[in-house]
Amino acid sequence: MASTCATGKHRRPSRMKRTTARAAGIAALTTTGVIGTVASGPALAAEKAVEQTGLVPVVAIGDTVAQRIDDQAAAQKQAAVAEAAREEAAARAAAKVEAEREARVRAARAAERERLNTFVPPISGSYVSTGYRSGGSLWSSGSHTGIDFHAATGTPVHAVGLGTVVEAGWGGAYGNQVVIRMNDGTYTQYGHLSSIGVSVGQRVTPGQRIALSGATGNVTGPHLHFEARTGVEYGSDIDPVAYLRKHGVNI
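Presented here is a report on the structure given in the accompanying data block. (Residues numbered from 1 in each chain as written. Predicted model: local features only at pLDDT ≥ 70, side-chain atom pairs only at ≥ 80, totals over all residues. Heavy atoms only, no water.)

## Focus on the overall build of the protein chain
Consideration 1: Helix and strand counts for the protein chain come out as 5 helices and 10 strands.
Consideration 2: For the protein chain, the proportion of its 251 residues judged to be buried stands at 26%.
Consideration 3: When contacts within the protein chain are restricted to residue pairs at least 6 apart in sequence, long-range pairs at least 24 apart make up 58% of them.
Consideration 4: With the model as given, the accessible surface of the protein chain reaches about 15,700 Å², and the carbon-plus-sulfur share is 57%. (Helix = DSSP H or I, 4+ residues; strand = E, 2+ residues; numbered from the N terminus. Buried < 20%, exposed > 50% of the residue type's maximum accessible area, 1.4 Å probe, protein only. Contact = heavy atoms within 4.5 Å. Areas by Shrake-Rupley, 256 points an atom, 1.4 Å probe, with all protein chains shown as cover.)

Here it is, written out as structure tokens:
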């Protein structure tokens, strides 16, 4: 009996297998030099180039993945640079804010020091009605040991500068009085007061209200008696006008 080919047992190789095999064969022929003589043959001319085989897309996909990785790395690097720039900008802004705050604190401290070193008149908007060393029988020493400021009863009396109250109460001929040891070691006295608003040991600042003027003690009418002294005791008086002017107060 004549033999017949069983369908399906000896299938023709697929196109992919054929193309791959031919590509491998071409590579082998190239190494032996045969490719030069058969390159123009009709069989080879009919075949697709190696670039058209299934191997090329694999290479192309690999290149795309590599490019994506490079792009991602570049993006990450760019993001890191941007974040570093933001952090640097934030640090500069914070440093600027802190420097401005410190400048304000220094300015406030300087202003406070200046304020505390400033002297003011004991009564605002007044004038001297009786000068220093004025003579007459009104004073037991024969002359005026301070100056009198014109003031109606109840006029606010201010500390002329920074100091500590060392006397606050009745002072004989001075009536109700306040004596302050100033920050520079001198003393100021405020006499004939109608009321006293501070106590011994209290710290006072320039312009702080310490009392109200009046007519207590040895007086002929309401006014403020003001003295400047080198010591706390009576008789250590100095020219109060010169004293105030030395500290920037013109009266």
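So that's the structure; there's more coming.
## Quick look at the nonpolar core
Consideration 1: Core analysis: the largest hydrophobic core is formed by 25 residues, its most contacted members being V157, V178, I180, Y190 and I210.
Consideration 2: Elements that contribute at least two residues to this core include exactly β2 (147–150), β5 (176–182), β6 (187–196), β8 (209–213), β9 (223–229) and α5 (240–246).
Consideration 3: Residue contacts for V157: discarding those within four places in its chain leaves P122, I123, Y190, L193, Q208, R209, I210, A211, L212, S213 and L224. (Core = buried A, V, L, I, M, F, W, Y, C linked by side-chain atoms within 4.5 Å.)

## A word on the side chain of Q177
Consideration 1: Within the element layout of this structure, Q177 appears in strand β5.
Consideration 2: Side-chain polar atoms of Q177 contact the side chain of Q189, separated by 2.6 Å.
Consideration 3: With near-sequence residues (within four places) excluded, Q177 lies in contact with E167, A168, G169, G171, Q189, Y190, G191, L193 and I196. (Polar contact = N/O pair within 3.5 Å; in protein donor to acceptor, adjacent residues only side chain to side chain.)

## What about the pairing of β2?
Note on strand geometry: in a regular strand, side chains alternate between the two faces of the sheet.
Consideration 1: Where strand β1 (residues 128–130) and β2 come together, 2 bridges link them in antiparallel fashion. If you follow T130 over to β2, its bridge partner there is D148.
Consideration 2: Pairing of β2 with β9 involves 4 bridges; the strand directions are antiparallel. Along β9, the bridge assignment pairs I147 with F226. (Pairing = 2+ DSSP bridges.)

## Concerning the environment of I123
Consideration 1: Mapped onto the elements of the fold, I123 is located in the loop between α4 (55–116) and β1.
Consideration 2: Judged by relative accessible area, which is 3%, I123 ranks as buried.
Consideration 3: Here the alpha-carbon distance between I123 and S213, two residues 90 residues apart in the chain, equals 9.1 Å.
Consideration 4: Excluding its chain neighbours within four sequence positions, the residues that come into contact with I123 are F149, A151, T155, P156, V157 and L224.

## Some details on the pairing of β9
Consideration 1: The element β9 is extensively covered by neighbouring structure, given that 7 of its 7 residues are classed as buried.
Consideration 2: Residues H223, H225, E227 and R229 line one face of β9 and the alternating positions L224, F226 and A228 line the opposite face, and both faces are buried.
Consideration 3: The pairing of β6 with β9 spans 5 bridges and is antiparallel. Following the sheet pairing, Q189 is matched in β9 by E227.
Consideration 4: Sheet analysis places β9 next to strand β10 (residues 237–238), joined by 2 bridges and oriented antiparallel. Bridge pairing in β10 links A228 to I238.

## Quick look at the side chain of H158
Consideration 1: Secondary-structure assignment places H158 in strand β3 (residues 156–158).
Consideration 2: Given a relative accessible area of 15%, H158 falls into the buried group.
Consideration 3: If we ignore the near neighbours within four places in the chain, the residues touching H158 are P121, P122, S124, Y190, G207, Q208, R209 and I210.

## What to know about unusual backbone geometry
Consideration 1: Its identity as a non-glycine residue notwithstanding, R133 has a phi of 70°, on the positive side.
Consideration 2: Mapping R133 onto the fold places it in the loop between β1 and β2.
Consideration 3: For H192, which is not a glycine, the phi torsion comes out positive at approximately 65°.
Consideration 4: Summarising the element assignment, H192 is placed in strand β6.

## So, the environment of H144
Consideration 1: Looking at where H144 falls in the secondary structure, it is placed in the loop between β1 and β2.
Consideration 2: According to the relative accessible area criterion, H144 is buried, its value standing at 1%.
Consideration 3: A C-alpha to C-alpha distance of 10.0 Å links H144 and D237, two positions 93 residues apart in sequence.
Consideration 4: Here the side chain of H144 touches G146 through a polar contact of 3.0 Å, landing on its backbone oxygen.

These results come straight from atomic positions and should not be treated as a statement about function.
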